[in-house]
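Working through the structure, step by step
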Amino acid sequence: MLKLFDSAFAGLTAPLDLAPRRYGVVASCDGGLIEVSGLALPVGALCRIARGGGEARPLLAEAIGFRNGRMLMMLLGDMVLLRPGARVHPQGRPGMLAVGDALLGRAVDGEGHAIDGLAAPRCRTSWPAGGVRGGALDRSPVRAAFDVGVRALNALATFGVGQRIGIIAGSGVGKSVLIDMIARSAEAEVVVVGLIGERAREVSDFVERHMAGERRARTAVIAVPADHAPNLKLRGAMLATSLAEHFRAEGRRVLLIIDSLTRVAHAAREIGLLLGEPGAARGYPPSALAAITRLVERAGNSAASGGAITGIYTVLADGDSPDDPVVDTARAILDGHVVLSRELAQRGQYPAIDIPASLSRVMTDIVSPAHLHLARRFRALVASYEANRDLVLMGAWRAGADAELDRAIALHPALIGFLAQDARETVSLDDSHAALAALLDAAQP
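A brief structural summary.

What counts, and where the lines are drawn
- Within every chain, residues take consecutive numbers counted from 1 along the sequence as written.
- Per-residue local features of the predicted model are confined to residues with pLDDT of at least 70, and side-chain atom pairs are confined, for both listing and counting, to 80 or more; whole-chain, interface and lining totals are unaffected and use all residues.
- Computation of side-chain values: all heavy atoms of the structure, hydrogens and water removed.
- Put simply, DSSP marks the helices as runs of H or I at least four residues long and the strands as runs of E at least two long, and each gets a number from the N terminus on.
- Taken over C-alpha atoms, the radius of gyration is set against a globule rule of 2.2 Å times the number of residues to the power 0.38.
- The buried label applies to any residue whose accessible area, calculated with a 1.4 Å probe on protein chains only, is under 20% of its type's maximum; exposed applies above 50%, and partly exposed to all values in between.
- In what follows, a contact means two residues having at least one pair of non-hydrogen atoms within 4.5 Å.
- Only the protein chains shown count as cover for residues, with accessible areas throughout obtained via the Shrake-Rupley method and a probe of 1.4 Å.
- In these notes, a set of buried Ala, Val, Leu, Ile, Met, Phe, Trp, Tyr and Cys residues joined through side-chain atoms within 4.5 Å is what counts as a nonpolar core.
- To estimate how far a helix should extend, the number of its residues minus one is multiplied by 1.5 Å.
- Note on pairing: DSSP must find at least two bridges between two strands before they are called paired.
- Crossovers are described as right-handed under a simple rule: with the strands pointing away from the observer, the path leading from the first strand over the helix to the second runs clockwise.
- Here is the rule: rings of Phe, Tyr and Trp (six-membered ring for Trp) pair when centre to centre is within 6.5 Å. Planes less than 30 degrees apart are stacked, more than 60 are edge-to-face, and the remainder are tilted.
- Any carboxyl oxygen of Asp or Glu within 4 Å of a side-chain nitrogen of Lys or Arg constitutes a salt bridge here.

1. Side note on the overall build of the chain
Scanning the chain from terminus to terminus reveals 14 helices and 19 strands. For the chain, the C-alpha radius of gyration of 25 Å lies close to 22 Å, the compact-globule estimate for 445 residues. Seen along its three principal axes, the alpha-carbon backbone of the chain occupies a region of about 85 × 55 × 40 Å. In the chain, which comprises 445 residues, the share counted as buried stands at 51%. Of the contacts formed within the chain by residues at least 6 apart in sequence, a portion of 71% connects residues at least 24 apart. Roughly 20,600 Å² of accessible area belongs to the chain as shown, and the carbon and sulfur atoms make up 54% of that amount.

Here is the structure:
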């Protein structure tokens, strides 16, 4: 008779805890910061807070610190009906997130709850929210090219398997469209997408486009819209990264997309300021910028398993400023960056990639010398034209004065045509290289 329950017990991810249940009480709530007395839990632990007014579903909160013998907690939702003296009960395993194949083909929120209208995913594996830290030499170097399906990137800023790349742009310049193109066309065994702090409409549109057909079986979406709590946004980014790390440990090649890294920094800034940490760089406390570094450093190649996480992170440049602290921090820690230009977008060039300002730091290690030479020639032509654009438009250019500029002006329509690409078009790495070679070989003086 007892054997009938073996299958049910086999699905348990943790041993049964028969110890007496502890609970604390809400002592104060000030500006979103809740103080709880009577509990001693580690930072990152989740708790249920009994809600007043007869509501059946309790509130969820996360421990973010402790002070004077009390736990400091932050709700994962609204504070409506939170009352003083409410009981606080620990929940789950602190610092661990549920991951596994059950999340493939699914769209979940930062807590791992389904948002696609299907049954709750049953994950039997746990992974540390902060990742498994290894030595610097545990990461194998980037040696293989990564095909993203975008001609300009494949030819002029070639990505590598295990590289971390930032897509930097102001608002409304085309980051989401470029992410769509890469997610649809990139060659990867698993695609994990973290939509952190984006509009709910963009989340639903992305899920509708990418969670259909054969791509659904290899795609997982973790979405935390802009109106959610900051600690839930951080949990969403950590869940996406932990899921990618789990697949990498199994030896798979994963494409991890976080849109956007700036919203993660904003969430970390809000939590840091709430805890009383001083704002150092334009209001960003040191912990907010350190959160970016910790998150990005978790991507890369694994020498032990042979798997890889190729990370693509969008970075919102506030006010189109390249000196924004998040932009500067991301550019310093990433292995390359793609800059989208508002001026190019206003001219009708899509994707609006600013080629002279974009680079891949591993390109020299993964492409042939001939390809690298062609890419440098293309960059030089584009940079020459853009530096003298005003003179050309005013008619101050005189043919024969600068042979490089003469070639750039003659090739300008072809160069723009090479950089432009329809959002539904996919161009392979080999085709991109061949198109670049054909363009520049035909322009030999």
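Additional details are given in the paragraphs that follow.
2. So, the nonpolar core
If you look at the biggest cluster of nonpolar residues, it comprises 65 residues, and the most contacted ones within it are I182 and F378. The residues contacting I182, other than those within four sequence positions of it, are V148, V150, L153, I167, L255 and I312. One finds L46, L261, V326 and A330 within the second-largest nonpolar core, a separate group that totals 56 residues.

3. Regarding the environment of S432
Tracing the backbone shows S432 in helix 14 (residues 429-441). Between the alpha carbons of S432 and R151 there is a distance of 5.0 Å; along the sequence they are 281 residues apart. Look past the residues within four positions of S432 in its chain and what remains in contact with it is V150, R151, N154, A155, F418 and V427.

4. Focus: helix 5 (residues 230-249)
Quick reminder: α-helices carry 3.6 residues per turn. Residues three or four places apart thus point the same way. If you check helix 5, its first and last C-alpha atoms are 29 Å apart, about what 20 residues at 1.5 Å a residue would give, namely 28 Å. Immediately downstream of helix 5, the backbone of G251 shows phi near 90 degrees, a positive value.

5. Examining the pairing of strand 14 (residues 219-224)
Of all six residues in strand 14, six are buried; the element is thus mostly enclosed. Neither face of strand 14 is left uncovered, since the one carrying T219, V221 and A223 and the one carrying A220, I222 and V224 both have all their residues buried. Pairing geometry for strand 8 (residues 107-108) and strand 14, over two bridges, is parallel. The residue bridging V108 from the neighbouring strand is I222, located in strand 14. As paired strands, strand 13 (residues 190-196) and strand 14 are joined by six bridges and run parallel to one another. Counterpart to V193 in the pairing with strand 14 is V221. Between strand 13 and its parallel partner strand 14, the chain crosses via helix 4 (residues 200-210), and the hand of that crossover is right-handed.

6. What to know about the pairing of strand 5 (residues 70-75)
The buried count for strand 5 comes to five of six residues, which makes it a mostly enclosed element. As defined by bridge partners, strand 4 (residues 59-67) adjoins strand 5 across six bridges and the pair is classed as antiparallel. If you follow R67 over to strand 5, its bridge partner there is R70. Taking the residues between adjacent antiparallel strands as the criterion, strand 4 and strand 5 are bridged by two residues, where N68 takes a positive phi near 55 degrees.

7. Focus on the packing of aromatic side chains
According to the stated counting rule, one finds one aromatic pair in the structure shown. Consider the rings of F378 and F418, whose centres lie 5.3 Å apart with planes at 50 degrees: the pair is tilted. Of the two residues, F378 sits in helix 11 (residues 369-387) while F418 sits in helix 13 (residues 403-419), which places them 40 residues apart along the sequence. Accessibility classification places F378 together with F418 in one group, the buried group.

8. Description of the pattern of salt bridges
Under the definition given, this model contains 18 salt bridges. With a closest N to O distance of 3.2 Å, R164 and E297 form a salt bridge. You can see R164 sitting in strand 12 (residues 164-169) and its partner E297 sitting in the loop between helix 7 (286-296) and strand 16 (300-301), a full 133 residues away along the chain. Its relative accessible area of 8% is what places R164 among the buried residues. The residue R164 makes a salt bridge to D335 at a minimum N-O spacing of 2.6 Å. With R164 in strand 12 and D335 in the loop between helix 8 (325-333) and strand 18 (336-339), this residue pair connects regions lying 171 residues apart in the sequence. Classification of D335 as buried rests on a relative accessible area of 19%. Sharing partners across several salt bridges, the network here consists of D101, E250 and R252.

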